[in-house]
Amino acid sequence: MTAVCYIPPMRLLRSFLPAILALPLAAQPSATITLKPGRDPGQAIDEEYTRKIREYTTETFFNSPLTDYLPASKTVPTPKVVLGDISGAPGILPYSTEVYKYMRMLEAATPRVKVFSIGKTEEGREMIAVAVASEKLIAQLDENRARLAQLADPRRIHFDDAEADRLVAASTPIYYITGTIHSTETGAPTALMELAYRLAVDDSAYVKAIRDNVITLITPVVEVDGRDRMVDIYRWHLAHPGQNWPSLIYWGHYVAHDNNRDSMGLTLALTRNVLNTFVGWKAQVLHDLHESVPYLYDNTVGDGPYNAWIDPMLADEWEMMGWNNVAEMQKFGMPGVFTHGTFDTWSPSYLMFIAATHNGISRLYETFGNGGADTEERTLRPNEYARTWFKQNPPLPKAKWSQRDNNNYEETGLLTGLAYFSANNKLFLHNFYLKSKRSILKAKTEGPAAYVFTADDPRPGAQADLLRMLQDQGCEISRAKEPFTVTMPGKKPRAGRGGRGGANDATTDGEAPKPEEKPKPEPRTFPAGSYILRMDQPYSRIADTLLDYQYWAPNDPQKSIYDDTGWTFGELGNVQVARVTDVKVLDAPMSMVDGAVTAPGGIEGTGSVYLVNHNADSALMTLRYRFPAGDFQASEEPFEAAGKKFNRGSFMIRGVGASDLGQSAHELGFRAYAVDAAPAVKTHPLRAARIAIMHTWMNTQAEGWWRLEFDRLKIPYTYISTQTVAKDADLRSKYDVIVFGPGAGGNAQAIVNGRPMFGNPLPWKVTPETPNLAHTDETDDMRPGLGFTGLDHLQEFVAKGGLLITASDTATFAVTFGFAPGVSTSPARNLKVTGSAVRSKIVDGASPILYGYSDNLAIFASNPPLFGVSNMAGGGGGGGRGGGGGNQRATGRGTEDDPDIPQGRLPAEIPEEPHAQPWEATPLTDEQLRNPVNVIPPAARPRVVLRYANSADLLVSGLLDNGGELAQHPAVVDATLGRGHVVLFSNNPFWRAETKGSYFLVFNAILNFDNLSAGRKLASR
Ligand SMILES: [Zn+2]
């Protein structure tokens, strides 16, 4: 049956509102949907399928007229042919291959469906995108895409708005839906299989209008590796009734939930594949499906603060689509549908935000899932079932909930969203053009005009790495053909950057700034060869949000901060980035870079010794491991040779062939200088240390970001668990360095104790039942932890000359269990630093950990432990405020610095109290040295390498409140235990590929593991 009551929205406007046609398209009101949702009585339904939908739906109000039936088709198979039951049936979770098999059966059965392979995962599994639309639209995908590409880049039509209108009129927008990025959120694949069927088969006016007016693109499984593991676990659960099942400790190959925090760094295959699909198709919407909130939270509108770099038009589009979605589902009487909520829309790291930063519309659903396909009684918490102003029909306090219910909500939400979008398809397409145009005009309106990366950056490798990531984001990079000069805004004096309660330092650096000074603009000349990211390009917004600074006000009304607050890539990447507002920059002679940006490399001169300046570029770590047998020495002091200046820690290489090294220099982007004899400077061996990365069986999320970068940089390591360590009494013979990344799960005791030993063993290993639990690590039982035997083994490893690297919570673990004599950690009281970039200061620049670094590195901190150091075992005697205590005078006569005088005797001279800065240990007193049983010998005392900056300079990007608590505390400490070392990071040096500037702090520790005390000045007593 044809759509008798359907009037396409544009025709409706033309018949009834001719005056409006004189207005630009964007000014037109959006069309409401006049079509009645529900089946076409003229089309037969699949009786059995429909009966099962009703059977598996636990309450009639958990369904809608859009999904309470399935239209029948004689030629197109339903999901049942693959699943053996209907979508959302209890006990059924399909593997990715089954989902793909069905999508390809659809493709074979109808010209309305086409399947595209969009790339592979880390473990080699396929990712797909399925296009569904009318046969006419599917047949013309390429022509349509060519038109969309012109709307996406208005430079191509010379900003001709009339031409844009013609293109809009001729084009169909693309609505891209992505499912199950989060592997424990299991409902989307079956919902999307059925949705594809409905869109292809249903002849109701409502669905036909969608099919004719929008191209729906579906990636049914985003995290494919994790999906297959999750299905394994679920099947294990079904095969072992009455038993506890193992939790999904690995989702993707590297990270779990954080796979939805990679849209800035673009390090995961899934992110790159979805980005390339979204950008390649010139799609208008990216709608990502999640499951955590009852029953459907369309968090598109969410809550503030919104990301500061999006086009304001996008915020309006969020409102339009979110509220329409809620309104339509309210009409169906489905409880628990809402769009406002506590999700702040600040961080651009989410997968769906690819659309927001690329001129599209980002959307996200949280529906309600049971983490599998069991039907269960679910009891909600009061805040979940409360009626609020934005949740007028809240979820039920208690209800039986099924996977089918979840599928009903997902599909109903999507169908109403698609109906609204298709009814307003021209409006949204025109908005897409306008947003693209405004992104280009941005260079000369709100600015900046460009970001410039200077040709004389001391870290060309890090610079190229950042520029390549921006290229991957779709940004065009140009290169200056000659020097150019622009006017830079004057630097404002900084004050109170520590946030509220910040300026509380024991000392300050330099003079206090004078706020009345008005900064003067200054000219700056950039050398030829500098890279320029012009902002007059369509994807300027992603560059702006990644390269600019973030500021989250400590008194922001948003108190439940959803994720990180700061990420400035230049700062955290240790790359110089200049934000240029002077539009003259756009006139500098430049040419677009063809292909990926690379750092220059090669060998200069001749000789048998090669000198490589240490500049903390990650490529140098790759270099070391490319020639493990080569003789690499590190200089302990800076030196000059071959007419060049070399930093402390620079490499002197022997025993590597010139052609091999030359090839590496070109590939990795570093310069080597060949000389006949090594310069006379003290050196020590720089070893290709044998590395183990250790994980717990409680959480592998944060250490996954470490592993990912070790793999990318081709640094070999053995992957072990705390259980391996518990069983191995001779770790030192196998490893030089054990890396214990942060986020180990729970507190220090939990690392030792592991999971509770209640119930049955929880295996994580490959069996015929669980074939996909491969590629990471395995165990017969995830419950046991390190244990006291493992603790012993680990301490012995260090005592015998090994290096243990810890960060954040694992640093606290090391301190708790006595790995780091003289180091203490304490939790902050009022400090708030929620995923922010903060400034560090060098304390001991001679430490090998700082080789190649200059001062003021930005580091990433998220509620870090506060370190203190002492010369006494068992703590005490930390520096500065709150450290030693007892330094303040008692109540009595006089002023604070004018001492009390006891009455009735001669005044006694008061000895000078030892004093120390917050990052230092208090010098020993004569009293402590009388019988120094607790005094740590000078060479065994903790060595503070890096500290947090003073309050006024501490915040780089993000949120910092009560920064005085963190200011000046040690950030990186090198502790000694026996013959070995434990390096403790308070910050996290490997985080979501955002902290590339910090990587070499860890790499230096590894390469110098047996010479970490180099350059150390020992206390005299
Ligand atoms: Zn999720």
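Use the structure listed above.
For every chain, the first residue of the written sequence is number 1, and numbering continues from 1 along that sequence. The model is predicted, so local features are restricted to residues of pLDDT at least 70 and side-chain atom pairs to those at 80 or more, both for listing and for counting; the totals for chains, interfaces and linings are taken over all residues. With hydrogens and water excluded, all non-hydrogen atoms of the structure serve as input to the side-chain values.

Q: What is the right way to read the sheet that holds strand β12 (residues 478-480) from this model?
A: Across a sheet, paired strands are connected by hydrogen bonds in the backbone, their directions being either parallel or antiparallel. Read across the sheet, five strands follow the order β16-β11-β15-β12-β17 without closing on themselves; strand pairing throughout is antiparallel. What marks the edges here is a single partner per strand, and that holds for β16 (578-580) and β17 (590-592). Averaged over all adjacent pairs, the angle separating strand axes in this sheet is 30°, with direction ignored. Criterion used throughout: strands pair if DSSP finds at least two bridges between them. Only DSSP runs of H or I covering at least 4 residues are called helices, and only runs of E covering at least 2 are called strands; the numbering of each starts at the N terminus. Note that strand β11 (residues 450-453) and β16 share three bridges and pair antiparallel. Following the sheet pairing, Tyr451 is matched in β16 by Arg579. Whether two residues are in contact is decided by their heavy atoms, any of which lying within 4.5 Å being enough. To get an axis, fit a line to the C-alpha atoms, keeping to the stretch in contact for a helix; angles then go from 0 to 180 degrees between the N-to-C directions. Strands in contact with helix α17 (residues 460-472) are β11 and β15 (531-534); relative to β11, the strand with the most contacts, it is inclined by about 150°.

Q: Would you explain the packing of helix α8 (residues 188-201) against helix α9 (residues 205-213) in this entry?
A: Between two packed helices, both the angle of their axes relative to each other and the distance between the axes serve to describe the pair. Axis separation between α8 and α9 bottoms out at 8 Å; the angle between their running directions is 90°. By the angle class used here, α8 and α9 are roughly perpendicular. Across from Arg198, Leu199, Ala200 and Val201 in α8, the residues of α9 making contact are Val207, Ile210 and Arg211. Its residues assigned to classes, the contact of α8 with α9 shows five nonpolar, no polar and two charged. In these notes the angle categories are as follows: under 35 degrees is roughly parallel, over 145 is roughly antiparallel, 65 to 115 is roughly perpendicular, and the rest is oblique. Gly falls in the polar group here, along with every residue not listed as nonpolar (Ala, Val, Leu, Ile, Met, Phe, Trp, Tyr, Cys, Pro) or charged (Asp, Glu, Lys, Arg).

Q: Please clarify how the pairing of strand β33 (residues 866-869) should be interpreted in this entry.
A: Regular strands show a simple pattern: their side chains alternate between the two faces of the sheet. Exposure is judged per residue with a 1.4 Å probe applied to protein chains only, and the accessible area is read against the type maximum: over 50% gives exposed, under 20% gives buried, and values in between give partly exposed. Side chains of β33 alternate between two faces, with Leu866 and Gly868 and Phe867 and Val869 buried alike. Sheet analysis places strand β30 (residues 823-826) next to β33, joined by four bridges and oriented antiparallel. Bridge pairing in β33 places Thr825 opposite Phe867.

Q: Please explain the packing of aromatic side chains as it appears in this structure.
A: Any pair of aromatic rings gets described here by the distance separating the centres and the angle formed by the planes. Each Phe, Tyr or Trp ring, with Trp reduced to its six-membered ring, pairs with another whose centre is within 6.5 Å; inter-plane angles below 30 degrees give stacked pairs, above 60 give edge-to-face pairs, and intermediate values give tilted ones. In the structure shown here, the tally under the stated rule is 44 aromatic pairs. Arranged with centres 6.5 Å apart and planes meeting at 65°, the rings of Tyr250 and Tyr719 form a pair that is edge-to-face. With Tyr250 in the loop between α10 (224-239) and α11 (269-281) and Tyr719 in strand β27 (residues 718-721), the pair connects residues that are 469 residues apart, well separated along the chain. Summarising the burial analysis for this pair, Tyr250 and Tyr719 share the class buried. Through a chain of ring-to-ring contacts, the aromatic side chains of Trp706, Phe710, Tyr717, Phe990, Tyr999, Phe1000 and Phe1003 assemble into a single cluster. A cation over a ring is seen here: Lys391 above Phe338, with NZ or CZ 4.3 Å from the ring centre. Distance and angle both matter: a charge sits over a ring if NZ of Lys or CZ of Arg is within 6 Å of the ring centre and within 35 degrees of the ring normal. One residue, Arg624, lies across the ring of Phe632, its end atom 4.1 Å from the ring centre.

Q: I tried to follow the coordination of the zinc ion on my own but got confused; where do I start?
A: When a metal holds four donors in a tetrahedron, each ideal angle between them is 109.5 degrees; when it holds six in an octahedron, the ideal angles are 90 or 180 degrees. Within the protein, the atoms that donate to the zinc ion are His182 (ND1), Glu185 (OE), Glu185 (OE) and His290 (ND1), at distances of 2.1 to 2.5 Å. As a rule, N, O and S atoms within 2.8 Å of a metal are its donors, except that Na, K and Ca use 3.2 Å; water is not among the atoms, so sites may look incomplete. Every geometry call rests on angle ranges, with four donors termed tetrahedral when all angles are between 85 and 135 degrees, four termed square planar and six termed octahedral when opposite donors are over 155 degrees apart and all others are between 65 and 115, and everything else termed irregular. Coordination at the zinc ion is irregular, judged from the four donor atoms that bind it and the angles of 55 to 154° they form at the metal. All donors of the zinc ion come from a single chain, and their spacing in sequence reads H-x2-E-x104-H. Glu185 matches His182 in its accessibility class, with the two residues each being buried.

Q: I'm lost on the packing of helix α22 (residues 701-712) against helix α29 (residues 999-1007) in this one. Help?
A: Two elements in contact, α22 and α29, have axes separated by 12 Å at closest approach and are oriented at 70°. Considering the angle they form, α22 stands roughly perpendicular to α29. Across from Trp706, Glu709, Phe710 and Arg712 in α22, the residues of α29 making contact are Tyr999, Val1002, Phe1003 and Ile1006. Of the residues assigned to the contact of α22 with α29, the class counts are six nonpolar, no polar and two charged.

Q: What is the right way to read the pattern of salt bridges from this model?
A: Working definition: two side chains of opposite charge can pair if their charged atoms are close together. What counts as a salt bridge is simple: a side-chain nitrogen of Lys or Arg found within 4 Å of a carboxyl oxygen of Asp or Glu. Per the stated rule, a full pass over the model turns up 57 salt bridges. The closest approach of N and O atoms between Arg839 and Glu571, which form a salt bridge, is 2.8 Å. Here the residue Arg839 occupies a position in strand β31 (residues 836-842), and Glu571 occupies one in helix α19 (residues 569-572), the gap between them amounting to 268 residues. Taking relative accessible area as the criterion, Arg839 reaches 12% and is therefore assigned buried. Overlapping salt bridges bring together Asp311, Arg438, Lys442, Glu446, Arg541 and Asp544 as one network.

Q: Help me understand the sheet that holds strand β8 (residues 361-367), please; the structure alone is not making it clear to me.
A: Across the sheet, which stays open at both edges, the eight strands sit in the order β1-β2-β4-β3-β5-β8-β6-β7 with mixed pairing between neighbours. Each end of this open sheet is capped by a strand with a single partner; those strands are β1 (113-120) and β7 (337-344). Strand-to-strand, the axes of this sheet are offset by a mean angle of 30°, without reference to chain direction. When β1 meets strand β2 (residues 126-132), the two strands line up antiparallel, connected through seven bridges. Looking at the pairing, Gly119 lines up with Met127 of β2. Seen against the sheet, helix α15 (residues 403-423) touches β3 (174-178), β4 (215-219), β5 (285-291), β6 (296-303), β7 and β8 and runs at an angle of roughly 155° to β8.

Q: What's the story with unusual backbone geometry in this structure? I'm lost.
A: With the exception of glycine, the majority of residues adopt a negative phi angle, and the majority of peptide bonds are in the trans configuration. Each neighbour pair has its own omega, and for Pro294 with Tyr295 the value is -20°, a cis peptide bond. Tracing the sequence through the fold places Tyr295 in the loop between β5 and β6. A positive phi angle, near 55°, is found at Lys282, a position not held by glycine.

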